[in-house]
Amino acid sequence: MDSGEQVQQQRPRPRRVTAAMVAARAGVSVATVSLVANGKTAGRVAEDNISRVREAIAELGYVVDGIGSSLAKGVSSIVILVAPDISNPFFAKVIAGVRESLGPQYQLLLSVTEAGEFPEADDVRRLMSLRPAGLLVDAPNAGFLEDLASPSPLVLLDAPGLESYAPSVNLDVASGARQLAAHLAGAGHREAAYVDSVTGTETFAVRRAAFLEEAASRGITVSPERIISTTIDVGAAAGAFAEAWPDWQRAGVTAVACATDTHAYGVLQEARVAGIRIPGELAVAGFDDLPYSATSNPGLTSVHLPATALGQKAGEQLRGLMEGKSLGSGGVTLETSLVVRGSTSAAAT
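Remember, predicted model here, so these are calculated numbers, not experimental data.

### Some points on the overall build of the protein
Moving on, step 1. What the protein contains, in helices and strands, is 14 helices and 12 strands.
Moving on, step 2. When each of the 349 residues of the protein is scored for burial, the buried share is 48%.
Moving on, step 3. Contacts in the protein between residues far apart in sequence, at least 24 positions, make up 71% of those at least 6 positions apart.
Moving on, step 4. Element-wise, carbon and sulfur atoms account for 50% of the exposed surface of the protein, whose accessible area totals about 16200 Å².

### Overview of the pattern of salt bridges
Moving on, step 1. Going through the model one piece at a time under the given rule, you end up with 15 salt bridges.
Moving on, step 2. Across the pair Glu59 and Arg25 runs a salt bridge, and its minimum N-O distance is 2.7 Å. With Glu59 in helix 4 (residues 47–60) and Arg25 in helix 2 (residues 19–26), this residue pair connects regions lying 34 residues apart in the sequence.
Moving on, step 3. Overall, Arg25 belongs to the partly exposed group, its relative accessible area being 48%.
Moving on, step 4. One network of salt bridges, with partners in common, ties together Asp122, Arg125 and Asp147.

### Concerning the sheet that holds strand 10 (residues 301–304)
Moving on, step 1. Spatial strand order, 7-6-8-9-10-12: 6 strands in an open sheet with mixed pairing. Two strands close off the open sheet at either side, each with one partner strand: strand 7 (227–230) and strand 12 (337–339). Geometrically, the sheet is characterised by an average inter-axis angle of 20° between neighbouring strands, direction not taken into account.
Moving on, step 2. Here strand 9 (residues 283–288) pairs with strand 10 via 4 bridges, running parallel. From the neighbouring strand, Ala285 faces strand 10, where its bridge partner is Thr301.
Moving on, step 3. Where helix 9 (residues 173–186) meets the sheet, its contacts fall on strand 8 (255–258), strand 9, strand 10 and strand 12, and the angle it forms with strand 9 comes to roughly 170°.
Moving on, step 4. Along the sheet, helix 11 (residues 234–250) makes contact with strand 6 (192–197), strand 7 and strand 8, crossing strand 7 at roughly 160°.

Calculation rules
Residues numbered from 1 in each chain as written. Predicted model: local features only at pLDDT ≥ 70, side-chain atom pairs only at ≥ 80, totals over all residues. Heavy atoms only, no water. Helix = DSSP H or I, 4+ residues; strand = E, 2+ residues; numbered from the N terminus. Buried < 20%, exposed > 50% of the residue type's maximum accessible area, 1.4 Å probe, protein only. Contact = heavy atoms within 4.5 Å. Areas by Shrake-Rupley, 256 points an atom, 1.4 Å probe, with all protein chains shown as cover. Salt bridge = Lys/Arg side-chain N within 4 Å of Asp/Glu carboxyl O. Pairing = 2+ DSSP bridges. Axes fitted to C-alpha atoms, helices over the stretch in contact; angles between N-to-C directions.

If you want it as structure tokens, here you go:
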């Protein structure tokens with residue numbers, strides 16, 4: 001063992017500064033330190049004691065245990081975000097929006113599961129022992145909400161048709177799906193396929209149903225055998241498309257709509273391997289409008305979903321509930337729009 005390793009082993013670990021240490025430095029009681037640290041001094045602590053405690057806190061680098069102190073009051077500063085599949089890059093922007101709107105006084109805890117599986121109500125209820133200040137649930141289904149019965153303030157994200165359960169911030173995914181179907185019909189497509197998510201949530205059911213209905217009304221055929229489902233994963237989508245494509249090609253399919261951009265990336269990847277010309281032989285489109293969709297080759301046509309705004313608005317609503325404010329009746333719906341790029345239109349390249 002060399003001298004560097006000996007020094008490393010002998011170096012003492014930094015001590016955790018406690019309220020008792022601050023009290024000893026300031027010459028006051030631990031209770032006084034708690035009052036000062038939590039801003040409860042009015043009429044209870046003399047100004048000279050407040051000054052001494054603050055000086056001791058600064059000198060020692062004392063950090064208040066926000067979770068512990070708030071639990072003692074009956075509720076924590078934790079907000080739980082329940083999401084069905086964090087592997088979807090869409091959620092990174094949602095989380096950023098939530099964090100921005102909640103502010104630094106709240107701590108965001110994620111409750112997620114494996115890809116393709118939705119969290120169980122029992123799993124989330126175990127987290128309730130932390131006494132969260134509030135709960136956000138992204139893309140839930142009715143069964144989960146009925147089983148959960150959360151006592152904490154609750155706001156739903158991207159939960160079409162479930163507004164009766166809790167205040168909701170939704171995306172108009174049906175409008176985006178109809179715009180996509182209209183675009184493909186306008187480009188002359190008559191035989192299409194659909195790649196869906198295996199996640200059993202309302203948002204995917206709504207976008208699929210809206211697309212199929214609009215497609216049919218505009219003369220596009222999407223027969224049941226041309227609807228496949230995979231996890232939100234590039235490799236899984238690529239594999240599913242590779243298996244389905246020979247039959248789709250024989251049926252004359254010239255367009256594939258995907259429930260997410262991630263699915264569409266998988267289709268594009270496999271299409272390149274198979275030598276399929278995009279969009280000459282096959283048009284491909286998705287939902288989300290992730291950043292890579294604008295820079296891929298070709299660029300991916302996608303329904304733009306305002307993920308950051310979704311998180312921001314949901315965080316704002318939850319913060320209002322946690323602060324005792326009442327929300328107006330009805331949910332909030334954010335607009336979606338179709339962004340046409342080279343994967344469906346040669347003119348857009």
